[in-house]
Amino acid sequence: MELIHRNLAIGIHDALQETFFEKNKYADKVIERLLKANRKWGSQDRAVVSEIFYNIIRWKKRLEYYMGEGVKPNNIYKLIIAYLLWSKTNYKKFEEFDGIKIADILTKLKKNTVPTKAIEHSIPEWLAETLEKELGASWEREMIALNEQAPTVLRANSLRTTTKELISDLSDEGVVSYPVKGYPDAVQLEEKKNVFLTTAFKEGLFEVQDASSQKIGYFLDVKEGQRVVDACAGAGGKTLHLAALMKNKGQIVALDIFEWKLAELKRRAKRAGAHNIETRMISDNKVIKRLHEKADRLLIDAPCSGLGVLKRNPDSKWKIDQDFIDRIKKEQQQILQDYSKMLKKGGKMVYATCSILPSENNLQVDEFIKNNPGFKMIKDEKVMPSEGYDGFYMALIERIS
């Protein structure tokens, strides 16, 4: 890895500035736009830009310590230099780097120590406290895992192909991949590649979906011919998996509060050949009321802190705070109360989050069951980032009366 082209350094600088200092700009979308705007960059250049961009976001707090100051719109090149020195990345001395005192950075690097755990793992101080309070001694192991780069995992679309066929088709297009033990539909890439350019993608043979996320579809235990409600469907990664597990038989009602997400879901469903999905926007309570006691299965993939997916969304740790987590927990409980009414007696639902905090997970379910004796928990599972994939929680709950 080396940074020897000035236009790449400028691109990284501008993308970091947008991510850190512009409202509602998320790293994945920022980098996507940057790479689209620079189609002339070769695959090696794109890989360099992506890796440095994401690593700087991931390690921002630690790099600020080496810099001796917080990141501001006018010192982003200093932040880039701190990263290049720390990661021992070969770089050229572009004019943008003129005047940056690197001696102080090097002095701190030589010491090879940092003053706090929050700086060591590059997270806000409040988050280090929250993680330690909720996870105990294991919080550091999980944080180490969350600071690694996420592998790219695909879900073979069983409506159109098998994992074996997909691996072979991708190989024909120069993409090396392999099956993932214990995950029937998962295929992992040997190295990061832009799989969206492949014929296999255009033909709807797969979706990009982390292995942990793929567990949720199986956990819901759907059957062909059932009526399934996906209450927080978003752009539909899990919805499409449910359609495949149901072999397109029965009905999936995909709900979300955002129209644009449901439009994206429809586009993806068409490509995947999933035609048992009906989308409905939650514009008011009536949408939920009309579905009261109508669902055999219900998926509540609740809004959450997203702390289980920091591997792929490292910028979110700089965008949330304790107030946000406290607010989202109230929202989770409200959603459980309101949406669970859609379940038939004898029906089952899954409450899932991509968080690793017990207060968003099992404690929410305990609270719900305590206040709703007509429901009982059958089983739950937590998947921690240290196991290799995203952190997730899922609880299977049955409506008994």
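Residues numbered from 1 in each chain as written. Predicted model: local features only at pLDDT ≥ 70, side-chain atom pairs only at ≥ 80, totals over all residues. Heavy atoms only, no water.

Engineer: Which parts of the structure should I look at to understand the environment of Ala 211?
Structural biologist: Tracing the sequence through the fold places Ala 211 in helix H12 (residues 211-219). As for Ala 211 and Tyr 389, which are separated by 178 residues in sequence, their C-alpha atoms are 6.4 Å apart. Residues within four places of Ala 211 in sequence aside, it is in contact with Val 153, Tyr 183 and Tyr 389. (Helix = DSSP H or I, 4+ residues; strand = E, 2+ residues; numbered from the N terminus. Contact = heavy atoms within 4.5 Å.)

Engineer: Whenever I open this one, the side chain of Asn 248 confuses me. Can you help?
Structural biologist: Along the chain, Asn 248 falls in the loop between helix H13 (237-245) and strand E8 (251-256). A distance of 3.0 Å separates the side chain of Asn 248 from the backbone nitrogen of His 275, its partner in a polar contact. In contact with Asn 248, other than residues within four places in its own chain, are Leu 159, Ala 243, Gly 273, Ala 274, His 275 and Asn 276. (Polar contact = N/O pair within 3.5 Å; in protein donor to acceptor, adjacent residues only side chain to side chain.)

Engineer: What is the right way to look at the UniProt feature "active site" (unreviewed entry) in the protein in this model?
Structural biologist: Taken from the UniProt record, the annotation "active site" (unreviewed entry) applies to Cys 354. Within the fold, Cys 354 resides in the loop between strand E11 (343-353) and helix H18 (362-371). When near neighbours in sequence (up to four residues on either side) are disregarded, Cys 354 contacts Cys 304, Gly 306, Leu 307, Gly 308, Val 309, Gly 391 and Phe 392. (UniProt positions renumbered as here; feature names shortened; annotations may be inferred.)

Engineer: Just to check I follow, could you spell out the sheet that holds E8 for this structure?
Structural biologist: Hydrogen bonds along the backbone pair up the strands of a sheet, which may run parallel or antiparallel. Read across the open sheet, the 7 strands follow the order E9-E8-E7-E10-E11-E13-E12; overall the sheet is mixed. Both edges of this open sheet fall to strand E9 (277-281) and strand E12 (375-383), since each of them pairs with a single strand only. Pairs of neighbouring strands in the sheet enclose a mean axial angle of 15°, with direction left out of account. In the packing of H13 onto the sheet, contacts are made with strand E7 (227-230), E8, E9, strand E10 (295-301) and strand E13 (392-399), and the angle to E8 comes to roughly 175°. (Pairing = 2+ DSSP bridges. Axes fitted to C-alpha atoms, helices over the stretch in contact; angles between N-to-C directions.)

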